[in-house]
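Listed here are the chains, written in short residue letters.
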Amino acid sequence: MTIEWQQTPLVKATLRPGQSWAYRLPLVVQGAAPAVQWSSDLLPPSALTADVNDPLQVTVLVPADASGGIGEIAYEIRDVDGPVRGRILVRIQAASAASGGPGSGDPGKGGRAPVKKPLPPKPPEIPPEPLPPQPLPPVLRGVFQIAIIRNGVVVPELKRVLSPQRTTTIGKSSASHGIPDLDLRGQFETLDLEADCSRQQAEVFWSEQRIWIKTLGRHPLKFLGADGNPGQDVPESHCWQPDQVLILRGKLRLVLRQERS
């Protein structure tokens, strides 16, 4: 059994006391239906009911007396590559805000509707000036290779020279996607860390005498920060510069190096 995301899963939801809400994880499943575990640190276990015919769908029944708060609904799916985990940040509106209390202005509750003063007209919005296009880095000349660094040491068997005539793939080998040029399966410290790497995580290719890296996986690469820790996300398509270090979830680092004669 293998699974693939159809789209980015939901990350935020706002619910009300007494509300019934159904959500299905946007996954395509190959093989037997996966087992999904649902849990919440805000709602009681009885509030979460997995669909008998579709374990990817959960129905959430918020108790009518639920107090307002912020928490999460977490899920864990077992895949051939290890567990896939995620969470939905949930905000439950306070009962008074959701239904209206005495004196809230609801005529049906016996309160008096407040007199609303007209708001002053908003000034016209001035759209920001577009940023000028950023110049591309200089063209590259010579032979370049990708190196994988683990715990500060280059993994010799994972070096790959970049050919201008073909794309180099990075990911994990699998029955459905085959073996990538840089197979990272078994290179992580734990199986949980390896699960964060997609079977098709990224691809690297030459274009207009520059080297580009395109993220394909569900988790982005990170730039190496000045403090040595992961920094900002790498754009989905990035012009990769020599000696620039990119960080993959799971404590592996990728660096582009020029071969010296």
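Predicted model only: the values in this text are computed from it and were never measured. (Residues numbered from 1 in each chain as written. Predicted model: local features only at pLDDT ≥ 70, side-chain atom pairs only at ≥ 80, totals over all residues. Heavy atoms only, no water.)

(A) Seen up close, the nonpolar core. Counting residues in hydrophobic clusters, the biggest one holds 25 residues, and the most contacted among them are Leu184, Ile211 and Trp240. The contact partners of Trp240, leaving out residues within four places of it in the chain, are Leu140, Ile146, Val204, Ile211, Trp212, Ile213, Leu246, Leu254, Val255 and Leu256. The next biggest cluster of nonpolar side chains, apart from the first, holds 23 residues, and it includes Ala47, Leu56, Val60 and Ile77. (Core = buried A, V, L, I, M, F, W, Y, C linked by side-chain atoms within 4.5 Å. Buried < 20%, exposed > 50% of the residue type's maximum accessible area, 1.4 Å probe, protein only. Contact = heavy atoms within 4.5 Å.)

(B) Focus on the sheet that holds strand S13 (residues 168–171). As summarised here, the arrangement of the five strands in space is S14-S13-S15-S16-S19, forming an open sheet in which the pairing is mixed. Looking at the sheet topology across the chains shown, the edges are occupied by strand S14 (182–183) and strand S19 (237–240). Note that S13 and strand S15 (residues 200–207) share four bridges and pair antiparallel. Bridging from a neighbouring strand, Ile170 pairs with Ala202 of S15. (Pairing = 2+ DSSP bridges. Helix = DSSP H or I, 4+ residues; strand = E, 2+ residues; numbered from the N terminus.)

(C) Broad picture of the sheet that holds strand S6 (residues 48–50). Sheet architecture is open: three strands sit in the order S3-S7-S6, paired in antiparallel fashion. Lying at the two open borders of the sheet, with one neighbouring strand each, are strand S3 (20–24) and S6. When the angles between neighbouring strand axes are averaged without regard to direction, this sheet yields 20 degrees. Two strands pair when backbone bridges link them, and S3 and strand S7 (residues 57–61) are joined in this way by five bridges, in the antiparallel orientation. Bridge pairing links Tyr23 to Val58 in S7. (Axes fitted to C-alpha atoms, helices over the stretch in contact; angles between N-to-C directions.)

(D) Structural detail: the layout of surface pockets. For the largest pocket, the calculated volume is near 590 Å³. Around the largest pocket, the lining comprises 21 residues; the ones closest to its centre are Trp5, Pro9, Arg85, Arg218 and His219. Mapped by element, the contributors of at least two residues to the lining of the largest pocket are strand S9 (82–92) and helix H2 (191–195). At seven residues, S9 tops the list of elements feeding residues into the lining of the largest pocket. Among the residues making up the lining of the largest pocket, the classes are represented as ten nonpolar, five polar and six charged. (1 Å grid on protein atoms, 1.4 Å probe; cavity = no way out; pocket = protein on both sides within 12 Å on 5 of 7 lines; lining within 4 Å. Points joined across faces, edges and corners; volume = space filled by probe spheres on them. Nonpolar A, V, L, I, M, F, W, Y, C, P; charged D, E, K, R; others polar.)

(E) Just the pattern of salt bridges, in detail. If you walk through the whole model with that rule in mind, you get nine salt bridges. Between Arg249 and Asp196 there is a salt bridge whose closest N-O contact spans 3.5 Å. Here Arg249 is found in the loop between strand S20 (245–248) and strand S21 (252–258), whereas its partner Asp196 is found in the loop between H2 and S15, with 53 residues between them in sequence. Here the salt bridges do not stand alone but share partners, grouping Glu76, Arg85 and Asp192 into one network. (Salt bridge = Lys/Arg side-chain N within 4 Å of Asp/Glu carboxyl O.)

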